Amino acid sequence: MNSRNRATLRSIPSSSTEPLRRRLSRAARVACVVWICAFFFLAPFSYAVPVSPHRVLKDPAVVYGILPNGFQYVLLKNATPSERVRVHMNIYAGSVHETEDEQGLAHFLEHMLFNGTENFSPGELVAYFQSIGMDFGADVNASTSFFHTVYDLNLPKGDLPHLEDALLVLVDYAKGALLLDAEIDRERGVILAEKQERDSVSFRTFKKSFAFELPGSILPRRMPIGKREKIEATDRNRLKQFYDRWYRPDNMVLVMVGDMDVPVAEKLIQERFASFHPRLPEPVPDPVDIRWDPHQGTKSFHHYESEAGTTRITIERIEYTDFFYESEEYLKAEATRQLADTMLQNRLSRLIREGTVSFSSASAYSGTFLQHLAVSAVTAECSPENWETGLIELEKILRQALASGFTQQELDQVQADFVSQLDAGVRQAQTRQTPVLARSLLNSLQNRKLFLSPSQKKELLTPHVAALSLEQVNQAFQESWKPDHRLILVTGNAQIGADASISAEDTIRKTFEASTRQPADLFEPMATAYFPYLSVPDTPAGIRHRQENVEGLDITTIDLDNQVRLTLKQTDFKQGSFLFKVVFGQGRACEPKDKPGISHIGEQTVRFSGLSALNPDQLAAALAGRDVSIEFSVEDSFFSLTGAAEPREMELVFQLIHAFLSDPGFRPESLALAKHQYRQMYDAMKQTTDGIMQIEGERFLAAGHPGFGMAHPDAVDLLTLTDIRSWLDPCFNQGGFDVSVVGDFDPDAAISHARVYLGAFKAPEEKSLCIDVPDPVQFPKGERLDLILDTKIDKGLARLAFLTDDYWDIDQTRSLSILSRVLSERLRKTIREKLGAAYSPYAYNHPSLIHDGYGVMHLVAPVTHENTDMVVQALNEIVRDAVFSGISPEEVPLALNPVLSQLNVLRQTNAYWLNSVMADSRRYPQRLAWANSMVSGYGAITHEDLTMLARKYLDTTTAAFIRILPAD
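Just so it is clear, the structure is predicted and the values come from calculations on it, not from any experiment.

K.L.:
Describe in detail the overall build of the chain, supporting the description with residues and values.
P.N.:
A count of helices and strands for the chain gives 30 helices and 23 strands. Against the 2.2 N^0.38 benchmark of 30 Å for 968 residues, the chain shows a C-alpha radius of gyration of 29 Å, consistent with a compact globule. Expressed as a percentage of the 968 residues in the chain, the buried residues total 60%. Excluding contacts between residues fewer than 6 apart, the proportion of contacts in the chain whose partners are at least 24 apart in sequence is 84%. In the structure as shown, the chain presents an accessible area of about 37,000 Å², 50% of it carried by carbon and sulfur atoms. Averaging the coordinates of the 99 positive side-chain charges in the chain and doing the same for the 126 negative ones gives two points 2 Å apart.

K.L.:
Just give me the short version of the packing of aromatic side chains, but keep the residues and values in it.
P.N.:
The final tally for this structure, using the stated rule, is 32 aromatic pairs. When the centroid spacing of 6.2 Å and the interplanar angle of 20° are considered together, the rings of F632 and F639 count as stacked. Comparing F632 with F639 shows no difference in burial state: the two are buried. Measuring from ring centre to ring centre gives 5.6 Å for W808 and W930, while their planes differ by 35°; the resulting arrangement is tilted. Here W808, found in the loop between β20 (796-803) and α25 (810-834), pairs with W930, found in helix α29 (residues 926-939); they are 122 residues apart in sequence, far enough to count as distant. Positioned above the aromatic ring of Y243 is the side chain of R279, whose terminal nitrogen or guanidinium carbon lies 4.2 Å from the ring centre. Between the NZ or CZ atom of K569 and the centre of the ring of W913, over which it lies, the distance is 4.5 Å.

K.L.:
Give a description of the pattern of salt bridges that names residues and reports values.
P.N.:
As enumerated under the stated definition, the model contains 56 salt bridges in all. Between R291 and D289 there is a salt bridge, with its nearest N and O atoms 3.3 Å apart. Looking at R291, the relative accessible area reads 44%, which means it is partly exposed. Given a relative accessible area of 47%, D289 falls into the partly exposed group. A salt bridge links R784 to D786; the nearest nitrogen and oxygen atoms lie 3.3 Å apart. Residue D786 is classed as partly exposed on the basis of its relative accessible area of 35%. Taken together, the shared-partner salt bridges connect E183, R186, E187, E825, R828, R832 and E833 into one network.

K.L.:
Any chance you could break down the sheet that holds strand β18 (residues 738-743) for me, citing the residues and the numbers?
P.N.:
Note: strands within a sheet are paired through backbone hydrogen bonds, in either parallel or antiparallel orientation. Read from one edge to the other, the open sheet built from seven strands follows the order β12-β13-β14-β18-β15-β17-β16, with strand pairing classed as mixed. Edge positions in the open sheet fall to β12 (543-547) and β16 (628-634), since each of these has one partner strand only. Across the sheet, the mean angle separating the axes of adjacent strands is 15° when strand polarity is ignored. By the bridge criterion, six bridges tie strand β14 (residues 565-570) to β18 in an arrangement that is parallel. The partner of K569 across the bridge, within β18, is V742. Contacts from helix α24 (residues 747-757) reach β12, β13 (556-560) and β14 within the one sheet, and its direction differs from that of β14 by about 160°.

K.L.:
Could you give an account of the state of the cysteines, with specific residues and numbers?
P.N.:
All chains considered together, the criterion is met by zero disulfides. Left unpaired, C731 is separated from the closest cysteine sulfur, that of C590, by 5.2 Å. Residue C731 is classed as buried on the basis of its relative accessible area of 4%.

K.L.:
Hey, could you go over the environment of R350 for me, with residue numbers and the actual values?
P.N.:
Along the polypeptide, R350 turns up in helix α10 (residues 328-354). A relative accessible area of 11% places R350 in the buried class. Ignoring sequence-local partners within four residues, the contact set of R350 consists of F523, E524, P525, M526 and D617. For R350, the side chain forms a polar contact with the side chain of E354, separated by 2.8 Å.

K.L.:
Break down the pairing of strand β15 (residues 578-584) for me, citing the residues and quoting the values.
P.N.:
Counting buried residues along β15, six of its seven residues qualify, which places the element largely inside the surrounding structure. In terms of strand pairing, β15 meets strand β17 (residues 639-645) through seven bridges, oriented antiparallel. Directly across from L579, in β17, lies its bridge partner A644. Across six bridges, β15 lies against β18 in antiparallel orientation. Each residue of the ladder has a partner; that of L579, found in β18, is V742.

K.L.:
Please provide a residue-by-residue account of the nonpolar core, values included.
P.N.:
Among the nonpolar cores identified, the biggest contains 116 residues, and L344, F359, F584, F654 and L661 are the most heavily contacted of them. With sequence-adjacent residues up to four places away left out, L661 is seen in contact with V582, F584, L641, F732, N733, F737, L758 and F761. Counting residues in hydrophobic clusters, the runner-up holds 58 residues, among them V87, F120, L163 and M252.

K.L.:
Any details on the packing of helix α17 (residues 598-609) against helix α23 (residues 721-733)? Residues and values, ideally.
P.N.:
Think of two packed helices as two axes; the pair is described by the angle between the axes and how far apart they sit. It is the contact of α17 with α23, at a shortest axis distance of 10 Å, that shows an interaxial angle of 80°. Comparing the axis directions of α17 and α23 gives the class roughly perpendicular. Contacts between α17 and α23 pair I598, S599, I601, G602, T605 and V606 from the former with L721, D723, I724, W727, L728 and F732 from the latter. Here the contact of α17 with α23 is composed, by residue class, of eight nonpolar, three polar and one charged.

K.L.:
Give me α24: which residues, what numbers.
P.N.:
Along α24, the positions that sit buried rather than exposed are A750, I751, H753, A754, V756 and Y757. In this structure, the buried side of α24 is in contact with β12, β13, β14 and α19 (650-662). Here α24 starts with a cap whose side-chain oxygen sits 3.0 Å from the backbone nitrogen of D748, and that cap is D746.

K.L.:
So what's going on with the side chain of H858? Residues and values would help.
P.N.:
Mapped onto the fold, H858 is located in strand β22 (residues 855-863). Looking at H858, the relative accessible area reads 5%, which means it is buried. Within polar-contact distance, the side chain of H858 engages the side chain of R799 at 3.1 Å.

K.L.:
A description of the sheet that holds strand β5 (residues 149-155) should follow, citing residues and the corresponding values.
P.N.:
With respect to topology, six strands assemble into an open sheet ordered β1-β2-β6-β3-β5-β4, the strand pairing being mixed. Two strands close off the open sheet at either side, each with one partner strand: β1 (63-66) and β4 (140-144). Within this sheet the neighbouring strands show an average axis-to-axis angle of 15°, counted without direction. Where strand β3 (residues 85-91) and β5 come together, seven bridges link them in antiparallel fashion. Among the inter-strand pairings, N90 is bridged to a residue of β5, identified as V150. Its contacts with the sheet place helix α4 (residues 160-175) against β3, β5 and β6 (252-258), and it is angled at close to 165° to β5.

K.L.:
Can you explain the packing of helix α27 (residues 891-906) against α29? Please cite residues and give values.
P.N.:
Viewed as axis vectors pointing N to C, α27 and α29 meet at an angle of 165°, and their least axial separation amounts to 10 Å. With respect to each other, α27 and α29 are oriented roughly antiparallel. In terms of crossing hand, the pair formed by α27 and α29 is left-handed. Packed against α27, whose contacting residues are L896, V899, L900 and L903, the element α29 presents M934, V935, Y938 and G939 at the interface.

K.L.:
Just give me the short version of the side chain of D59, but keep the residues and values in it.
P.N.:
Within the secondary structure, D59 is located in the loop between α1 (53-56) and β1. Buried charge without a partner: D59 forms no salt bridge, and the closest opposite charge is R432, 4.3 Å away. Sequence-distant contacts of D59, that is, excluding residues within four places in its chain, are made with R432, F451, L452, S453 and Q456.

Definitions and cut-offs
- Residues numbered from 1 in each chain as written.
- Predicted model: local features only at pLDDT ≥ 70, side-chain atom pairs only at ≥ 80, totals over all residues.
- Heavy atoms only, no water.
- Helix = DSSP H or I, 4+ residues; strand = E, 2+ residues; numbered from the N terminus.
- Rg over C-alpha atoms; globule rule 2.2 N^0.38 Å.
- Buried < 20%, exposed > 50% of the residue type's maximum accessible area, 1.4 Å probe, protein only.
- Contact = heavy atoms within 4.5 Å.
- Areas by Shrake-Rupley, 256 points an atom, 1.4 Å probe, with all protein chains shown as cover.
- Lys, Arg positive; Asp, Glu negative; His and termini not counted.
- Charge placed at Lys NZ, Arg CZ, Asp CG, Glu CD.
- Phe/Tyr/Trp six-rings, centres within 6.5 Å; stacked < 30°, edge-to-face > 60°.
- Lys NZ or Arg CZ within 6 Å of the ring centre and 35° of its normal.
- Salt bridge = Lys/Arg side-chain N within 4 Å of Asp/Glu carboxyl O.
- Pairing = 2+ DSSP bridges.
- Axes fitted to C-alpha atoms, helices over the stretch in contact; angles between N-to-C directions.
- Disulfide = S-S within 2.5 Å.
- Polar contact = N/O pair within 3.5 Å; in protein donor to acceptor, adjacent residues only side chain to side chain.
- Core = buried A, V, L, I, M, F, W, Y, C linked by side-chain atoms within 4.5 Å.
- Parallel < 35°, antiparallel > 145°, perpendicular 65-115°, else oblique.
- Nonpolar A, V, L, I, M, F, W, Y, C, P; charged D, E, K, R; others polar.
- Left-handed = near helix turned anticlockwise from the far one by under 90°.

Now the structure itself:
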């Protein structure tokens, strides 16, 4: 064992699962435990090897190996970010592999592997990881799902010592669990607290819907979090049996991606895992069959939750499929279906933005989920009173697409965008991010999906997609939606079936069937659109001043004679891509006091409106195949246009900037949609602890200041398009913009196009600027707020808050952030580990950018009715101890080292340089100096600094306290 001081570890396991009916990009693709007898056996026994590498690992850069005991590993060198290595150890066992009496055991075992192993005594591992720069939760984590359990490590370096230490931990996970009785009893409370925190309206709805969708299948009866009575009955014997049965070398795969010497890593893996033998002699058994009774005809489902903020309508088709290895032909077929889904999604989005349907959001997707679920679905969210209308509209839109097909114009657009993304992948191949690559590689192994290099994917799919005919895509869409059955689900806050003579399910089914007998003609093809802003302004701006290598940061600033500032930085962090940000006005800081909610509604209205000459759908069609994006935002101290593009699109970027600044769209239907979505969001948030905190708690901590909290939807409904235009128009047209560009681009091209396309804007007049100084903010010292949630779920929150300071004393702000990390660790040890009262207590400091002298340190812990007093007492004791006993020298490096490690990664991202350093640096030049002092500034923080700040700000007699509890 390494002689370095080892200290504490516990993961933050994630046992929750995503709802089935999510868009494909968000869907939970949990994977694999169908055991195959591969011919790769090197052992004298017949082990069931869960990966067939020759069928999934097609990227030639991937190194695959299998040991004689069946243990598999997959390695890939990648240098972005430099030095970092991401590791995933996948166990092909999850909740599906539990017996009836073992429900929750896979997840419980995942917790226990952080509570004592052969080389790490209970309570030793987290502090050890922190000491070498790894962050608890972000860099050390684990998760349990239906088919697998994954242990994650994010190593700050890929050198030999870090690889050795990582493998020491992983070998302990694999075969060295102690499973001590005292630790099991203590961890039981943590798991029950996690189960309580994960309980929610959406999770309850998911469970009910899942049981309807998969009647008779084991999946709905094997939620990874488990059952309370089984968790309470878990003992060492049961955990050991599950551990020995499933944690076998032939039932694991190790994924390691990053900036490392691959031969060195491979040799270490072979040495460390070669002696790992099964603890039980028999091969791993197959899991229980998850088949369900096949669906036929039309089936309906209703689940009412009064606490849901909206009603969800779903039309879907779901059937069983064997767990198969993805082939190149299947990948082509999947791409074809994706084109069809995208066209349907585009139709839904367009109808929503035009205000011609009653729902406010919708999605279309298809694919294979949870190994065996072949799903095609469309979903929409609406107000409860509109569920019938929404269902009829959704049915007609789907049927119209199936009966009449899509148009050639629609196909041309999605084909161009698809090929453009393949091209972007090739351009950016050498700077792909290690975390993304590692997760993608793991996903391929878990789900038997092909892992291709960007060049391979482009070579395979570009000719296929480009050659597809409209008839082929329409046929693929029809194949996804075979007419053998339809599942119709209405969930959320719609009360259906008030008439006792007919059930809610019958009402839903009859509504759907009646709709199928009506004409389906909601969608009208859109006229061909062209980008109209291609004329070159007459007079380019001159260059008034240029400065190179500002603050030694390789940043160039150019001031044009119309007061436009360019801030440019070339980087190689992401090849073939650059980011840009245009900053203007004062953002929320100049929000009219008599127009509550205008920041949010104004932002969404502009986003939904696009340009005056082109709505977002027309703009997307006009720019099909062009790798460029742009979005308007209202931020605390400015408005912004932010986006990304490939280097050759620099002129188009400045054309778009010119168009948005000179001719933004303000459409009445966009304002109506923004208000509708805001009310739905508000209604959902007021039912949750975090949501009610944003609505009411933040305003309480600012002593009622109107700039905090969320406006009531009734007040938002009073806003008019004139209100929004009156507020935003002067800022769009006043000139004096700051434009920052960072990444892979030609600086001369950026300067040239900026001079041309921004040269037409006049320098702003002083009187036209929004220069209102925000009203001062008070803090409710010593006051208490009790908030009651109208919910049946016993989930609450205790929050102790202290007035600190604003953002601009950067040394103090950095020190307060480290103090909050120290407090978070004390909360974890006391409230989670010692008391078992909450799964995820935490602390953070939030300093204001726009209100002088205002910032708040928060200590937050989830509570129930039963443990509220105990948790509140613990919060106060932790604070008092920090004040009276101070912060110890040992605590600082444990909190600070992960931050210093992350700073190296942060500085290798374009987003950091754009948003934290360059944007608005003309008004706040200290942002540039801060970039130089960031590492040294954090590194200089001492325990004396933190003790001084604790004594300065953490006075419990002046703290504000918020308690949020359910009414029942």
